[in-house]
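Summary of the model geometry
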Amino acid sequence: MHSVTGSFVRGIFSGAVHGSLIFPYPDPLDRRDPGEAQRVGRLIDRLREIAHDLVDSSEFDAHETIPEPIVQALAAGGLLGLTIPEAFGGAGLSPSGYARVFGELSRIDASLAVLVGVHCGLGSMALVQYGSPEQQARYLPMLARGETLAAYALTEPETGSDAQNIRTRAELSSDGAAWILNGHKQWIGNGQRAGVIVTFAQTPVERGGDRVSRPTAFIIRPDMPGFKVLGTVQKLGIRGSTQAELLYEDLTVPLDHVLGAVGKGFAVAERVLNGGRLSLAAGCTAGAKHLLHEMTTFAEERVQFGKPIIDFEITQRKMARIAADTYAAD
Ligand SMILES: Cc1cc2nc3c(=O)[nH]c(=O)nc-3n(C[C@H](O)[C@H](O)[C@H](O)COP(=O)(O)OP(=O)(O)OC[C@H]3O[C@@H](n4cnc5c(N)ncnc54)[C@H](O)[C@@H]3O)c2cc1C
């Protein structure tokens, strides 16, 4: 195995498996950082108590929302500050610590995981990674306390994967005192109830002597003039997590609410989303492990043709396949 630098995942796309980038495989969290592992354990215990006392997934689904008392219980348990540094009142978890808690959230209820994931992993994370000291001091403590939820508004009706080409535009006001945003966002998790939203709009910038448009990230709040929630989306799954459609009509954003540099918003969008890829994968894997457990219990108890269905080869094949895939994902 020779030493290489770069990205293991990028290597796979070009047919090269750079093992030296991932081996020796990192120790598990409890060996690497026993203090953090203990904090993660306490957060998971609190989460299980909340789940036991308050979570009713069929109610979330039927009413297409996570009720406010649950958001307040998560806030009181420190579960809305998972990714926010301790200096701002959060838990300051590492990516693997956060992935563990997120896995447990997903096991309990996938809609709950989406609500917390958008708040901690997207909206708050953009401020953790790109906020100025003033922006962080102003917004992170309230987000860590869960006084309000955060959202992340990138997607538009015409622009999903091709996020560099969003159509929402931002122009400086004629007196240069504010940015004026016009555009339409959709699929925005927590968008109808968030108090802090990180959003993206094309701004005019100079590149090599030419005037071009490049995305810029902005922090917006629902009480800024020109902000409207058009409605929420009805879905067939994760119905308790709500995605909103937002309209910006001459939305007036103070200059100090630019997040990062003007014209560098795509880097903000991408880096924040990259962090979410580990936690989403951890959530899916924890959910799959839980379902395998539920399936096994059911297959042992369910009797057909005089036998538990787990005794039939076709059931065993299905379960073996799921167990192998889940193990590989884990
Ligand atoms: C439940 C839910 C929650 C969401 N929450 C948020 C949120 O909080 N904030 C937010 O900003 N957005 C959110 N989104 C939007 C999400 O990020 C977009 O759905 C995603 O970016 C994909 O965009 P799209 O749906 O427009 O699909 P499209 O971009 O139209 O893609 C459609 C299909 O074409 C494929 N495709 C596209 N381009 C290529 C290519 N170059 N090569 C090969 N295949 C391609 C895609 O993989 C996909 O299968 C959410 C979406 C959902 C469903």
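Preceding this section is the structure that the text describes.
First things first, this report covers the structure right here in the doc.

So, how was this worked out
Residues numbered from 1 in each chain as written. Predicted model: local features only at pLDDT ≥ 70, side-chain atom pairs only at ≥ 80, totals over all residues. Heavy atoms only, no water. Near = heavy atom within 4 Å. Polar contact = N/O pair within 3.5 Å; in protein donor to acceptor, adjacent residues only side chain to side chain. Areas by Shrake-Rupley, 256 points an atom, 1.4 Å probe, with all protein chains shown as cover. Helix = DSSP H or I, 4+ residues; strand = E, 2+ residues; numbered from the N terminus. Phe/Tyr/Trp six-rings, centres within 6.5 Å; stacked < 30°, edge-to-face > 60°. Buried < 20%, exposed > 50% of the residue type's maximum accessible area, 1.4 Å probe, protein only. Contact = heavy atoms within 4.5 Å. Axes fitted to C-alpha atoms, helices over the stretch in contact; angles between N-to-C directions. Parallel < 35°, antiparallel > 145°, perpendicular 65-115°, else oblique. Left-handed = near helix turned anticlockwise from the far one by under 90°. Nonpolar A, V, L, I, M, F, W, Y, C, P; charged D, E, K, R; others polar. Core = buried A, V, L, I, M, F, W, Y, C linked by side-chain atoms within 4.5 Å. Lys, Arg positive; Asp, Glu negative; His and termini not counted. Salt bridge = Lys/Arg side-chain N within 4 Å of Asp/Glu carboxyl O. Pairing = 2+ DSSP bridges. Expected span 1.5 Å × (residues − 1). Bend = angle between axes of the 7 residues up to and from the residue.

As a matter of local geometry, the ligand sits amid Tyr152, Ala153, Leu154, Thr155, Gly160, Ser161, Trp187, Ile188, Gly189, Ile238 and Gln243. At a separation of 2.8 Å, a nitrogen atom of the ligand approaches a polar backbone atom of Tyr152. Within the contact set of the ligand, a nitrogen atom lies 2.9 Å away from a backbone nitrogen or oxygen of Trp187. Notes on the ligand: free accessible area 970 Å², of which the protein chains cover 40%. Counting only elements with at least two residues in the shell around the ligand, the list comes to strand S1 (149-153) and strand S3 (178-189). Here the element with the most residues in the shell around the ligand is S3; it accounts for 3 residues.

The next subject is the packing of aromatic side chains. Two numbers describe a pair of aromatic rings. These are the distance of the centres and the angle of the planes. Going through the model one piece at a time under the given rule, you end up with 5 aromatic pairs. Ring geometry for Phe305 and Phe312: centres 6.4 Å apart, planes at 85 degrees, overall edge-to-face. Take Phe305: its relative accessible area is 80%, and that puts it in the exposed class. Residue Phe312 is classed as partly exposed on the basis of its relative accessible area, which comes to 24%.

Let us now look at the environment of Gly283. Along the chain, the position of Gly283 falls in helix H9 (residues 265-301). Exposure remark for Gly283: the relative accessible area of 6% places this residue in the buried category. Setting aside anything within four residues of it in sequence, one finds Gly283 in contact with Phe102, Gly103 and Ser106.

Interaxial distance between helix H3 (residues 34-54) and helix H6 (residues 95-108) falls to 10 Å at its minimum, and their mutual angle equals 15 degrees. Looking at the two axes, H3 sits roughly parallel to H6. Both H3 and H6 take part in a crossing whose hand is right-handed. Between H3 and H6, the contacting residues are Glu36, Val40, Leu43, Ile44, Leu47, Arg48 and Ala51 on the first element and Gly97, Arg100, Val101, Glu104, Leu105, Arg107 and Ile108 on the second. Taken together, the residues of the contact of H3 with H6 break down into 8 nonpolar, 1 polar and 5 charged.

With respect to the helices and strands, the residue Ser279 is situated in helix H9. Residue class for Ser279 comes out buried when judged on its relative accessible area of 6%. If we skip the residues at most four places from it in the chain, Ser279 touches Tyr98 and Phe102.

The subject of this paragraph is the nonpolar core. Core analysis: the largest hydrophobic core is formed by 32 residues, its most contacted members being Leu74, Leu79, Leu82, Leu93, Val101, Leu112 and Val116. Among the secondary structure elements, those contributing two or more residues to this core are H3, helix H5 (68-76), H6 and helix H7 (110-130). Excluding its chain neighbours within four sequence positions, the residues that come into contact with Val101 are Val40, Leu43, Ile44, Leu47, Leu79, Leu82 and Leu93. Formed by 24 residues, the second largest nonpolar core is a distinct cluster that contains Val118, Ala163, Val198 and Val272.

Turning to its location among the elements, Lys235 is positioned in the loop between strand S6 (227-232) and strand S7 (243-254). Buried Lys235, no salt bridge; nearest opposite-charge side chain is Glu64, N-O distance 6.3 Å. Reaching out from Lys235, the side chain makes a polar contact with the side chain of Gln243 at a distance of 2.7 Å. Non-local contacts of Lys235, meaning those with residues more than four positions away in its chain, are made with Glu64, Trp187, Ser241 and Gln243.

Now for the pairing of strand S4 (residues 194-207). Counted residue by residue, S4 has 12 buried out of 14 residues, so it is predominantly covered. By the bridge criterion, 11 bridges tie S4 to strand S5 (residues 210-220) in an arrangement that is antiparallel. Residue Ile197 lies in a different strand from S5, and its bridge partner there is Ile220. Between S4 and S5, which follow one another and run antiparallel, lie 2 residues, and Gly208 among them has a positive phi close to 60 degrees.

Helix length check: helix H8 (residues 133-145) (13 residues) gives 18 Å between terminal C-alpha atoms against 18 Å at 1.5 Å per residue, within 8%. Along H8, the sharpest kink reaches roughly 30 degrees, centred on Tyr139 and followed within four residues by the proline Pro141. Inspection of H8 places Gln135, Gln136, Tyr139, Leu140, Pro141, Met142, Leu143 and Ala144 among the buried residues, and these make up the whole buried set. Buried residues along H8 sit against H7, S1, S4, S5 and strand S8 (258-259). Taken from the residues just after H8, Gly146 is the one with a positive phi, measuring 75 degrees.

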